[in-house]
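One-letter residues, chain by chain:
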Amino acid sequence: MMFTRCTCLLKPIQKSTIAMVLLVSFAATVQAQDVHIDHIEPPNWWAGMQHDQVQLMVYGNNLQGITASFDDDALPVKVVHSLANPTYSFIDVDFSQATAGTYTLRLTGKDSEATIDFPVYERAPLAGRNQGFGVDDVVYLITPDRFTNGDPSNDRAAGMIDDFDPSQHGTRHGGDLQGIQARLPYLADLGITAVWLNPILENNANNSYHGYQATNYYKIDPRHGGNEAYKDFVAAAHRHGIKVIFDHVNNHIGVHHVWVDNLPTATWLNGSKEDHLSSKHYKMAFSDPYADPHADDLLRTFWFVDAMPDVNQRDPYVAKYLIQNSIWWMEYTGLDGYREDTYPYPDQDFLADWAAAILQEYPRSNIVGEIWETEPAYLSLFQKETHFERDFETNLPTIMDFALTDAWRKYLEGSVRLDAVYKVLAQDFVYTDRNNLFTFFDNHDMARGYFIADGNVKKMKQVFTMLLTTRGIPQMLYGSEHNMRGGQSHIELRANMPGGFPGDTRDVFTEAGRTEMENDMFSFVRTLLHLRKKHDVLRHGRLVHYPVAWNESVYKYLRMDDDEKILVLINGEDDNKQVDLSELLHWFGAEASFKNLVTDEVMQMNANAQLTLSPLGAYVLQVVD
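## Focus: the environment of phenylalanine 392
Okay, so step 1: Structurally, phenylalanine 392 is set in the loop between α9 (376-380) and β16 (398-400).
Okay, so step 2: For the pair formed by phenylalanine 392 and aspartate 137, sequence separation is 255 residues and the distance between their alpha carbons is 30 Å.
Okay, so step 3: When near neighbours in sequence (up to four residues on either side) are disregarded, phenylalanine 392 contacts Phe286, Gln348, Asp349 and Ala352.

## Observations regarding empty space enclosed by the protein
Okay, so step 1: Here the structure, examined in full by the defined rule, presents 3 cavities of 30 Å³ or more.
Okay, so step 2: In this structure, the largest cavity encloses a volume near 80 Å³.
Okay, so step 3: Around the largest cavity, the lining residues are Pro199, Leu201, Gly211, Tyr212, Gln213, Ala214, Tyr217, Phe246, Asp247, His248, Val249 and His252.
Okay, so step 4: A total of 3 residues in the lining of the largest cavity trace back to one element, the largest contributor, which is strand β13 (residues 243-248).
Okay, so step 5: Counted by class, the lining of the largest cavity contains 7 nonpolar, 4 polar and 1 charged residues.
Okay, so step 6: In this structure, the second largest cavity occupies an estimated 50 Å³ of space.
Okay, so step 7: No other element matches β13, which puts 4 residues into the lining of the second largest cavity.
Okay, so step 8: Considering only residue class, the lining of the second largest cavity consists of 7 nonpolar, 1 polar and 1 charged.

## Concerning the environment of glutamate 331
Okay, so step 1: Along the polypeptide, glutamate 331 turns up in helix α7 (residues 316-333).
Okay, so step 2: Glutamate 331 sits 15 residues away from proline 346 along the chain, and the two C-alpha atoms are 24 Å apart.
Okay, so step 3: Those residues in contact with glutamate 331, other than ones at most four positions away along the chain, are Trp46, Met49, Arg123, Ala124, Arg129 and Tyr362.
Okay, so step 4: At 2.9 Å, the side chain of glutamate 331 and the side chain of arginine 123 are in polar contact.

## Re the pairing of strand β10 (residues 194-197)
Okay, so step 1: Side chains of β10 alternate between two faces, with Ala194 and Trp196 and Val195 and Leu197 buried alike.
Okay, so step 2: The sheet contact formed by strand β9 (residues 139-142) and β10 spans 4 bridges and is parallel. Note on β10: the bridge partner recorded for tyrosine 140 is valine 195.
Okay, so step 3: Across 4 bridges, β10 lies against β13 in parallel orientation. What sits directly across from valine 195, in β13, is valine 244.

## Regarding the pairing of strand β5 (residues 77-82)
Okay, so step 1: In the sheet, β5 pairs with strand β6 (residues 88-94) via 5 bridges, with the strands oriented antiparallel. Bridging across to β6, valine 77 finds its partner in valine 93.
Okay, so step 2: A loop of 5 residues connects β5 with β6, the two strands running antiparallel in sequence.

## Details of the sheet that holds strand β4 (residues 67-70)
Okay, so step 1: Taken together, the 4 strands give an open sheet; going across it, the order is β2-β8-β7-β4, and neighbouring strands pair in mixed fashion. With one partner strand each, in any of the chains shown, β2 (45-46) and β4 form the two edges of the open sheet.
Okay, so step 2: In this sheet, strand β8 (residues 113-121) lies alongside strand β7 (residues 101-108) in antiparallel orientation, the contact comprising 8 bridges. Bridge pairing in β8 links glycine 101 to valine 120.

## Notes on the layout of surface pockets
Which parts of space are left empty comes out when a probe the size of a water molecule is rolled across the atoms.
Okay, so step 1: The volume enclosed by the largest pocket comes to roughly 460 Å³.
Okay, so step 2: Phe304, Asp341, Thr342, Asp445 and His490 are the residues nearest the centre of the largest pocket, which is lined by 20 residues in total.
Okay, so step 3: In the lining of the largest pocket, the residues fall into 8 nonpolar, 7 polar and 5 charged.

About the criteria used
Sequence positions are assigned chain by chain, starting from 1 and proceeding in written order. Whole-chain, interface and lining totals are the exception, using all residues; otherwise, since this is a predicted model, local features are given only for residues with pLDDT of at least 70 and side-chain atom pairs are given and counted only at 80 or more. Where side-chain values are given, they derive from all heavy atoms of the structure, hydrogens and water being excluded. In this description a helix means any DSSP run of H or I spanning at least four residues, a strand means any run of E spanning at least two, and both kinds are numbered starting from the N terminus. Only heavy atoms matter for contacts: two residues are in contact if any of them lie within 4.5 Å across the pair. Here the term cavity refers to a set of points on a 1 Å grid, laid over the protein atoms alone, in which a 1.4 Å probe fits but cannot get out; the term pocket refers to an open set having protein on both sides within 12 Å along at least five of seven lines, with lining residues being those that place an atom within 4 Å of a point. Grid points are joined across faces, edges and corners, and a volume is the space filled by probe spheres set on the points. Polar here means any residue other than Ala, Val, Leu, Ile, Met, Phe, Trp, Tyr, Cys and Pro, which are nonpolar, and Asp, Glu, Lys and Arg, which are charged; Gly is therefore polar. Here a polar contact is recorded for every N or O atom pair within 3.5 Å, except that within protein the pair must consist of a potential hydrogen donor and a potential acceptor, and residues adjacent in sequence are included only if both atoms are side-chain atoms. The cut-offs for exposure are 20% and 50% of the maximum accessible area for each residue type, with area from a 1.4 Å probe on protein chains only; residues under the lower value are buried, those over the upper are exposed, and the others partly exposed. At least two bridges found by DSSP between two strands are what make those strands a pair.

See below:
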């Protein structure tokens, strides 16, 4: 009886509950099928661009089978690409007739629609923007997290993994764009004309202070200051006569990027978190006539580390996304060029298209590729219009000269003589544009010059002298101007710039904050930088150099034009050296004298056409006929 009575009493309640559940379930199903737009990349475009056929990447829900249109015929939608993943859609739009204004994009599904505003801007005046970089520049490389903390309030940011801990080498220390901007007068006074910042895109990950694990291609990391801070920084740098180079990565992203766990297409990445190739650095397969053809594919698809998923640029949506993103940053900020990370590793056909698109839109700009190999012949294959057989055109104007870097570093270490430098430069016939090479003796990925020289200041001055007086586009690492030592590892060499952070006990940005040795080096480097700026011949003059004798280590070369001759002499020996200039007398008479542009000392050859050089001496001598 009790059981029967309870059943009777519950029946009306059960019917009502079922009805409510069905109603809620139906409403949820309908709502779940509603078209929803989260955001669009790129977030805007500009009127009057050459690149006026733009593919919008829409993030949202229920985007399969939609139609799309703008509220103005000036923005016709050409194609809506429906994907297997309904949280993404790609929409091709014609911007050729667009004028500045805010347009409304409408996406229509079977039973619902969604709208979002999309701004189109006027382009900024060209003057002072997108200038490129070349032999008239000296590039100063900065790891932003380690240079100056200009705004401690952004050391931590909402929604970002918190690894701010200045007491640890591998965590974030708080350097930002505001800090670098505050030091622009210091850089301008030093003689710097361009800055290359290690990547500053959002890196929402642990141990990513270096910037090479991007988690958003359209956002500057808020701990560096955000998008507007970067735009302000570029404008401020230009006001100081300093260009800006963007460190860009087509090859890989960070493992916490939203794409990794929700792929826009099945081929967006090469492999997955659970299954991917690693450690296939088969760079020489690019040129090796005996390489297994499969080696090239392995090179294109492996992951550097598990935290850096490899992006597949052979996916056409990926390719368009990356090209448009690079153009977007150029236009949004006015920056002057790109340094492209890990250049041999992405798909080379894509990179050729990427470089061509940037240079077509911004013909004054420049791109330098990182190709970390030390053979000039191999390096030259990546520079555009190479002399050697190649089945495609790279369109890459500038390459990093790791061959010359290797010679300088080995000289600093003491494992080679100066003939190693001569031999590298003597192979310059392989390059189509030998002046458009990026020259350096250290950077953010290799132990600092002063460290490998074991504190030998004289050798550091010699290599700085060669860097700033020979062919190419010189690049120096932050802190090298006062012999920052660092350590062997990446995190040790990327040390904080003393004086850039709260609590620092000294400030190397000032003369009073530097030691006597540091001030001596700073003064020397600053003098060389201003000499390079003052004497056009050191940037554009003809280079004539002379073999280093087998039984000595003295390197001599001339920079010459119609108006001036400058003789550079490097004594690689630990003793005074009588250097014979008799083979150079056809360039200047036996009665010529020489003004040391660093010390203002006047030097005269003896009767045997010799000059006396001090141990490990470096001389920049203006020829006075």
